[in-house]
Amino acid sequence: MDSHYSSAAISVRGLKKSYGNTLALRGVDLEIQQGEIFALLGPNGAGKTTIVEILEGFRHRDEGDVAVLGIDPNRQPMALKIRIGIVLQSTGVERYLSVAETVKMYSSYYPHPRPVGEILGLVGLEAKRDERVLRLSGGQQRRLDVAIALAGDPDLLFLDEPTTGFDPSARREVWEVIKNLQSLGKTVVLTTHFMDEAQYLADRLAIIANGKIVAEGEPETLAGRDRMLATVRFSLPDGVVPPLHLGARMTAAHAYEVKTTLVTKDLFDLTSWAMSAGVDLEDLRVDRPTLEDVYLELTTEGGASKSKEVES
Amino acid sequence: MNSVAMLENQIKYINKAFWRNPASAFFTFSFPLMFLVIFTSLLGHHSIEIQPGHSVDISTYYVAAMAAYAVVTACYNNIAMGLAFQRDSGVLKRTRGTPIPSGIYILGRLLHALFVAVILVIITAAYGKLFYHATLPTGTALFEFLVMLIVGSLTFCALGFAITVVIPNADAAPAIVNASMLPLLFLSGIFIPITSTAPSWLIWIAKVFPVYHFAWGMKSGFLGTPFDWMHVVIVAAWGLGGFLVSFRFFSWEPKR
Ligand SMILES: Nc1ncnc2c1ncn2[C@@H]1O[C@H](COP(=O)(O)OP(=O)(O)OP(=O)(O)O)[C@@H](O)[C@H]1O
Ligand SMILES: [Mg+2]
């Protein structure tokens, strides 16, 4: 195996997969570093679960090279299973065991398990130690899923939509659990539909649409988000028109916007004019493209084709 | 952990979950014992002619028949429904993602079912002995009985694994499991004694399937009829078939 695989936790080249006539993955390349939290972001049916389950060894690829911790998941499944932890998108657990019994049972499958008490502490389930699994809430069950994934003290964790269906506070709690994992030095690969989740958790993320990665990078700079035009918006009272040199465009009655890369200078020009003319700039605000704008741009119809120029 | 310790450990957890699950504890465990009490109480003091010139006490007949029935529920029904439910809820797939060897996981389920079957048979026999002075197999008959018990248990476990192949989801499991087993239980003299007057075409149909042979193998020692090793062979052949089907087609992931 190539030497460059050793530094990366996961390395994927030209990954293709189809189900019958459905082309689920059309050539995916990924490089995920050790110790990183990496998010796969994409709409329903984009291919997130397909990628993750190929990496975990559950599904077989049609084409491409895959190395997870230097291991081909389909060739040495056992060697891989010992070192990874998996939270599947939809999953179940024996309902009649207690929380501690469940984690202990899964721990017993691994050569170097992490102590059960420590795991329950990490995911915040100590208080539910002796509760039967069937009495846990949805959020607690998901934390149990993470606990089970941690049972073997893995180097790498896969979390397929860890927070889907949660209320905002339960999501926050699971986020903290995931942040904790990183501080233990684990590599985490997670999939999500939520921008805020990717933005908060991920060191790097990839946006996937229609079986292809359409953008990849850090949340702040993804797809040149930081270099895109900012928009200065404001409204003016009846009868007042902004001077031409500001380059403002009217968008509705009394409403104007200025597209710019020089926000500080243009704001200064605008406000100095307003001060000297004695006009009040109502609703003055500066908008930058959010991760969501980028995401929608890239994942909606026709967006994917434009991605090349944005990526450059 | 070595394989034996892992297996032991696995059986321990399967056992815990089994007794805490009201459905499995009731349908697998209490059901056969309940039938035993009902049948023997209703009909226990009559006798029937099972072969020309050979009559037995009905209570003895039912003790043997319910022992056979207990093995079928503990192995076939318990494994088929348990696995269908666990497969559907994703437990099996999760297990598949951990390093426990599939062989150990499957063997754990199988040995646990065997354990439940043996306990049920012991309770059934003890009940028959205590309340109805049923004749229990001894000597060679006991040995033959035990061989049939073990071979039959393994076979019905294998068939339980195999039937999950045609069970699409957990909701369909009880229907498919019962539809595939109940008629055979009736045909094979488990619930209704097969007497010498039974129509021969019915017997011929029954003889195709393993329950009939298993039931006779189990009953011989109680009823004093000759033990036919052919019964063991036919039951084992079905078991082998079930094993091969499971080995080839068993799925750890929910079907869509
Ligand atoms: N087992 C399967 N059989 C057939 N088609 C499948 C199967 N699994 C996925 N697909 C198809 O492959 C495509 C990608 O599915 P995948 O589950 O990977 O998407 P996803 O990004 O995880 O979506 P979601 O956000 O809804 O979980 C979809 O078109 C889906 O219908
Ligand atoms: Mg998915």
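Residues numbered from 1 in each chain as written. Chains lettered and ligands numbered in written order. Predicted model: local features only at pLDDT ≥ 70, side-chain atom pairs only at ≥ 80, totals over all residues. Heavy atoms only, no water.

Chemist: Got a minute to help me understand a nonpolar patch on the surface in this structure?
Modeler: Together, B:Phe26, B:Phe27, B:Met34, B:Ile38, B:Leu42 and B:Leu43 make up a nonpolar patch on the protein surface, roughly 540 Å² of accessible area in all. Within the fold, B:Phe26 resides in helix H2 (residues 22-43). (Patch = residues over 30% accessible without salt bridge, like charges linked within 9 Å, V, L, I, M, F, W, Y side chains within 5 Å. Areas by Shrake-Rupley, 256 points an atom, 1.4 Å probe, with all protein chains shown as cover. Salt bridge = Lys/Arg side-chain N within 4 Å of Asp/Glu carboxyl O. Helix = DSSP H or I, 4+ residues; strand = E, 2+ residues; numbered from the N terminus.)

Chemist: Please explain the sheet that holds strand E2 (residues 22-33) of chain A as it appears in this structure.
Modeler: One key point about sheets: their strands pair by backbone hydrogen bonds, in either a parallel or an antiparallel sense. Residue and element names in this part refer to chain A. If you trace the three strands from one edge of the open sheet to the other, you get E2-E1-E4, paired in antiparallel fashion. The sheet is open, and its two borders are formed by E2 and strand E4 (63-68), each paired with just one other strand. Strand-to-strand twist of the sheet, defined as the mean angle between neighbouring strand axes without regard to direction, takes the value 15 degrees. Note: strand E1 (residues 8-19) against E2, nine bridges, orientation antiparallel. Within E2, the position partnered with Val12 by the bridge is Leu30. (Pairing = 2+ DSSP bridges. Axes fitted to C-alpha atoms, helices over the stretch in contact; angles between N-to-C directions.)

Chemist: What is the right way to look at the pairing of strand E1 (residues 47-51) of chain B in this model?
Modeler: Within a regular beta strand, the side chains point alternately toward one face of the sheet and then the other, so they alternate between its two faces. Residues and elements named next belong to chain B. As defined by bridge partners, E1 adjoins strand E2 (residues 54-57) across four bridges and the pair is classed as antiparallel. Counted as the bridge partner of Ser47 is Asp57 from E2. What sits between E1 and E2 in their antiparallel hairpin is a turn of two residues, with Gly53 showing a positive phi close to 80 degrees.

Chemist: Before we go on, may I ask you to explain the nonpolar core in this structure?
Modeler: For soluble globular proteins, nonpolar side chains are generally found buried alongside one another. Formed by 134 residues in total, the largest nonpolar core has its most connected members in A:Leu144, A:Leu205, B:Met66, B:Phe156, B:Ile190, B:Phe214 and B:Met218. Ranked by residues supplied to this core, first place goes to helix H3 (residues 58-89) of chain B with 20 residues. Within the second largest apolar cluster, 30 residues are counted, among which are A:Leu30, A:Ala46, A:Ile54 and A:Leu156. (Core = buried A, V, L, I, M, F, W, Y, C linked by side-chain atoms within 4.5 Å. Buried < 20%, exposed > 50% of the residue type's maximum accessible area, 1.4 Å probe, protein only.)

Chemist: Where do I start with the pattern of salt bridges in this structure?
Modeler: Where side chains of opposite charge bring their charged atoms close, a pairing between them can arise. Residue and element names in this part refer to chain A. Scanning the entire structure with this criterion turns up 25 salt bridges over all chains. Among the salt bridges present, the one from Glu197 reaches Arg171, with a minimum N-O distance of 3.5 Å. Here the residue Glu197 occupies a position in helix H7 (residues 195-201), and Arg171 occupies one in helix H6 (residues 168-183), the gap between them amounting to 26 residues. By relative accessible area, Glu197 is classed as buried at 0%. Lys265 serves as the salt-bridge partner of Asp269, at 2.9 Å between the closest nitrogen and oxygen. Highlighted residues: Asp269 and Lys265, both in helix H8 (residues 263-277), separated by four residues, approximately one helical turn.

Chemist: How do you make sense of the coordination of the magnesium ion (ligand 2) when you look at a structure like this?
Modeler: A four-donor tetrahedral metal ideally has 109.5 degree angles, and a six-donor octahedral metal ideally has angles of 90 or 180 degrees. Residue and element names in this part refer to chain A. For the magnesium ion (ligand 2), the full set of protein donor atoms is Thr49 (OG1) and Gln89 (OE1), and the range of their distances to it is 1.8 to 2.1 Å. Here Gln89 lies in the loop between strand E5 (84-87) and helix H3 (99-107) and Thr49 lies in helix H1 (residues 48-56), a separation of 40 residues in the sequence. A relative accessible area of 17% places Thr49 in the buried class. (Donors = N, O, S within 2.8 Å, 3.2 Å for Na, K, Ca; no water.)

Chemist: For this particular structure, what's the right way to read the site of ligand 1?
Modeler: Close to ligand 1 lie 16 residues; A:Gly45, A:Lys48, A:Thr49, A:Thr50 and A:His193 are nearest. More than a single chain frames ligand 1: its nearby residues are located in chains A and B. Measuring from an oxygen atom of ligand 1, one finds a backbone N or O atom of A:Gly45 at 2.8 Å. Broken down by secondary-structure element, the contributors of at least two residues to the shell around ligand 1 are E2 and H1 of chain A. If one sorts the elements of the shell around ligand 1 by residue count, H1(A) sits on top with three residues. Tallied by class, the residues present in the shell around ligand 1 amount to four nonpolar, eight polar and four charged. (Near = heavy atom within 4 Å. Polar contact = N/O pair within 3.5 Å; in protein donor to acceptor, adjacent residues only side chain to side chain. Nonpolar A, V, L, I, M, F, W, Y, C, P; charged D, E, K, R; others polar.)

Chemist: Which parts of the structure should I look at to understand the interface of chain B and chain A?
Modeler: Interface extent is often summarised as the accessible area lost during association of the parts. The interface of chain B with chain A comprises 26 residues on the first partner and 26 residues on the second. For the pair chain B and chain A, the summed buried area comes to about 2400 Å², and 56% of that belongs to carbon and sulfur atoms. The largest share of the area that chain B buries against chain A comes from B:Arg20, B:Arg94 and B:Pro99, three residues that together contribute 32% of it. One can count four salt bridges joining chain B with chain A. B:Arg20 is paired through a salt bridge with A:Glu101; the nearest N and O atoms lie 2.8 Å apart. At the surface where chain B touches chain A, the tally comes to 12 residue pairs in polar contact (both at pLDDT 80 or more). Looking at the side of chain B that touches chain A, the elements with two or more residues in it are helix H1 (3-20), H3 and helix H4 (91-96) of chain B. Among the elements that take part in the side of chain B that touches chain A, H1(B) stands out by supplying seven residues, more than any other. Across the side of chain B that touches chain A, the residue classes tally to 10 nonpolar, nine polar and seven charged. (Contact = heavy atoms within 4.5 Å. Buried area = accessible area lost by both parts, 1.4 Å probe.)

Chemist: Teacher, can you tell me more about the packing of aromatic side chains here?
Modeler: The description of an aromatic ring pair rests on the distance of the ring centres and on the angle between the ring planes. Counting across every chain of the model gives 27 aromatic pairs over all chains. Their ring planes at 20 degrees and their centres at 5.0 Å tell us that A:Trp175 and A:Tyr200 sit as a pair that is stacked. A residue pair is termed long-range when its members are at least 10 positions apart, and A:Trp175 in helix H6 and A:Tyr200 in helix H7 qualify at 25 residues. Here A:Trp175 falls in the buried class, since its relative accessible area comes to 2%. Taking relative accessible area as the criterion, A:Tyr200 reaches 32% and is therefore assigned partly exposed. An angle of 80 degrees between the planes, with centres 5.2 Å apart, marks the rings of B:Phe26 and B:Phe27 as edge-to-face. Connected via pairs of aromatic rings, a cluster forms that spans B:Phe26, B:Phe27, B:Phe31, B:Phe35, B:Phe39, B:Tyr61, B:Tyr62, B:Tyr69, B:Phe186 and B:Phe191. A cation over a ring is seen here: B:Lys12 above B:Tyr13, with NZ or CZ 4.9 Å from the ring centre. (Phe/Tyr/Trp six-rings, centres within 6.5 Å; stacked < 30°, edge-to-face > 60°. Lys NZ or Arg CZ within 6 Å of the ring centre and 35° of its normal.)

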